[in-house]
Amino acid sequence: MIPIGSSSEKRRLKADNPTTRLETFRRSLLENFQRSLTEDFNGIRDFDDAICALLSVYHNEDLFADIKLYRTRLQRHIRRGLYEIRTSWNRSHDFITYLQEELFAGLDLNPEQPELNAVENTLVDALQEIGVAAEIKEKIQGPRIDRYFLHLPNIQHLDQLKRGLEKLAFRLGLQQEGVFIHATSEPKVVGMDIPRQRQRWKAIDASRLPQWAEQEKGNSRLAVWLGEDVLGNDFSFDLVDAPHLLIAGTTGSGKSVCLHALLLSLLWTQSKDSLQLALIDPKQVELAQYEKIPHLYSKGVVHLITDVMELLDQLVDEMERRNQLLREAGVSNLTEALQQRKLQLPRIVVVIEELADLMMQSRELETPLVRLAQKARSTGIHLILATQRPDSVTFSGLLRTNIPSRIALRVQKNTESRIILDEMGAEQLLGSGDMLVKIPQVSTNAIRVHGAYISQDDIKLCLRNL
Ligand SMILES: Nc1ncnc2c1ncn2[C@@H]1O[C@H](COP(=O)(O)OP(=O)(O)OP(=O)(O)O)[C@@H](O)[C@H]1O
Ligand SMILES: [Mg+2]
């Protein structure tokens, strides 16, 4: 191993002046490192060889013999690695432990198992402690949670379980993240979702978005893919069923990433003749990449409040024009008109990246927004509003009643969860794109979804393909 930072070395380094100290340290690191590589890795000369050896073992391929394949594998690992570092870096994993785990994977040295069993054992104890007699019938591992199916012979214990959930979470060492329970189709069996530690999450990325989009292309729907449900099944829905959508959650909870998932789904599946996007981004950051896409309804992404007002007024006029056209065509909505080939109009999706910012600048915005929310759905104009502040100022009563579809990411307080979803729960989500999706047309209950992580590369790839 590399003997960096031994106390005698540290003492010696302290005595030198700062610049030579740094230089000496760097040189000793290099010497030690080279010595450790030749001694410990038996002749492997540099990192490149060590990495090539590691990837050869991992893929069971001789990558020393095929440099092109090595580079392909390497770039894939770097991309995935950078993503993992962002999302689930485990500081306690030193490189040697990591090497051991990787090189001997499959030999039952995997530390995951004992830990999972430990959770299961703690759960059995914790249930007893809150006075619930339950038998674990089955366990399913989802991308981020483990779902336990609990058989409760005494149905009185269900109330006890519901009341004891906070204690249970506390006993399992969970902090704000909660334990969720739900009914199952089996009598006397409840499902219980317990989140795993972050370093044991399965990454959900956008690599299969293009493939998903391939199946959705060409139909007149506005299908969007968000990620996976708690059991790891794809979760997608049709924006036509959720004509207007509110996305809310605290800062850093994953709203912008969720918006990118929605936008990429639409851009992968729709041509500029079937879809136009009106993009409003007061922060001028998140939606900047979409500035040049051919699908834009207005000249560019709109930032200034005066331009936003103008754009919304224009959309209200467009809505009235379309209503007139639909009446003349003798149909009640755009879907019907498209199916019967009576009109050829693109759907328009209006995206507001931070509604609260705009509302603070001008309350007048509410008038055209409410009109669109009330009357635009049949004309194929859809709103997606995102906000960090789901309070009654940003999301007023009139907007609320006309925007019944909601996505709640993690929030600070249960009162915020109530404003978004009309129920509690979002305050116990895991963050990083963990969300509750409530779309009345799709399901009466909120569905928990782990949003896919959309990277800048995913956006670039999609935009290159337009
Ligand atoms: N689905 C996801 N999977 C993994 N990590 C995620 C996911 N969504 C978000 N994150 C992580 O959370 C960070 C913040 O996400 P994002 O920028 O979407 O938050 P936000 O809610 O838009 O925040 P703000 O309100 O400050 O704009 C991301 O940079 C990423 O590291
Ligand atoms: Mg954001």
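Now for a description of the structure that goes with this document.

Side note on the overall build of the protein
Part 1 of the reasoning: When you go through the protein residue by residue, the secondary structure sums to 17 helices and 13 strands.
Part 2 of the reasoning: Looking at the 466 residues of the protein, the share that counts as buried comes to 45%.
Part 3 of the reasoning: Accessible area of the protein: about 24400 Å², with a carbon and sulfur share of 51%.

Section: the sheet that holds strand 2 (residues 145-151)
Part 1 of the reasoning: Reading across the sheet, the four strands line up as 1-2-4-3 and stay open at both edges, with antiparallel pairing between neighbours. Taken across any chain shown, the strands that pair with only one partner, and hence form the sheet edges, are strand 1 (135-141) and strand 3 (180-183). The average undirected angle you get between the axes of adjacent strands in this sheet is 25 degrees.
Part 2 of the reasoning: As judged from the seven bridges shared by strand 2 and strand 4 (residues 189-195), these two strands associate in the antiparallel manner. Paired with I145 across the strands is P195, a residue of strand 4.

Considering the site of ligand 1
Part 1 of the reasoning: Around ligand 1 lies a shell of 18 residues, among which T251, G252, K255, S256 and G451 are the nearest.
Part 2 of the reasoning: The side chain of K255 places a nitrogen or oxygen atom 2.7 Å from an oxygen atom of ligand 1.
Part 3 of the reasoning: G451 is positioned with one of its backbone polar atoms (N or O) 2.7 Å from a nitrogen atom of ligand 1.
Part 4 of the reasoning: When isolated, ligand 1 has an accessible area of 630 Å², and the protein chains bury 80% of it.
Part 5 of the reasoning: Of all the elements in the fold, those that place two or more residues in the shell around ligand 1 are helix 4 (67-88) and helix 10 (255-269).
Part 6 of the reasoning: By residue number, the principal contributor to the shell around ligand 1 is helix 10, which donates three residues.
Part 7 of the reasoning: Tallied by class, the residues present in the shell around ligand 1 amount to four nonpolar, 11 polar and three charged.

Comments concerning helix 14 (residues 366-375)
Part 1 of the reasoning: Taken together, the buried positions of helix 14 are E366, P368, L369, V370, L372 and A373.
Part 2 of the reasoning: Elements that come into contact with the buried residues of helix 14 comprise strand 7 (244-248), helix 11 (305-329), strand 9 (347-352), helix 13 (355-361), strand 10 (381-387) and helix 15 (397-402).

Notes on helix 17 (residues 456-464)
Part 1 of the reasoning: For helix 17, the set of buried residues is D458, I459 and C462. Taken down its axis, helix 17 places every buried residue within 100 degrees of arc, on the same side.
Part 2 of the reasoning: Tucked inside the fold, the buried residues of helix 17 contact helix 10.

Concerning the environment of N233
Part 1 of the reasoning: Position of N233 relative to the elements: it lies in the loop between strand 5 (223-229) and strand 6 (234-238).
Part 2 of the reasoning: Residue N233 is classed as partly exposed on the basis of its relative accessible area of 42%.
Part 3 of the reasoning: Here the alpha-carbon distance between N233 and G142, two residues 91 residues apart in the chain, equals 8.9 Å.
Part 4 of the reasoning: When residues no more than four places from it in sequence are discounted, the contact partners of N233 are G227 and E228.

Quick word on the packing of aromatic side chains
Part 1 of the reasoning: If you walk through the whole model with that rule in mind, you get one aromatic pair.
Part 2 of the reasoning: Ring centres 6.1 Å apart and planes at 50 degrees place the aromatic pair F235 and F237 in the tilted group.
Part 3 of the reasoning: Take F235: its relative accessible area is 8%, and that puts it in the buried class.
Part 4 of the reasoning: With a relative accessible area of 4%, F237 lands in the buried category.

Thresholds applied
- Residues numbered from 1 in each chain as written.
- Chains lettered and ligands numbered in written order.
- Predicted model: local features only at pLDDT ≥ 70, side-chain atom pairs only at ≥ 80, totals over all residues.
- Heavy atoms only, no water.
- Helix = DSSP H or I, 4+ residues; strand = E, 2+ residues; numbered from the N terminus.
- Buried < 20%, exposed > 50% of the residue type's maximum accessible area, 1.4 Å probe, protein only.
- Areas by Shrake-Rupley, 256 points an atom, 1.4 Å probe, with all protein chains shown as cover.
- Pairing = 2+ DSSP bridges.
- Axes fitted to C-alpha atoms, helices over the stretch in contact; angles between N-to-C directions.
- Near = heavy atom within 4 Å.
- Polar contact = N/O pair within 3.5 Å; in protein donor to acceptor, adjacent residues only side chain to side chain.
- Nonpolar A, V, L, I, M, F, W, Y, C, P; charged D, E, K, R; others polar.
- Contact = heavy atoms within 4.5 Å.
- Arc of directions from axis to C-beta.
- Phe/Tyr/Trp six-rings, centres within 6.5 Å; stacked < 30°, edge-to-face > 60°.

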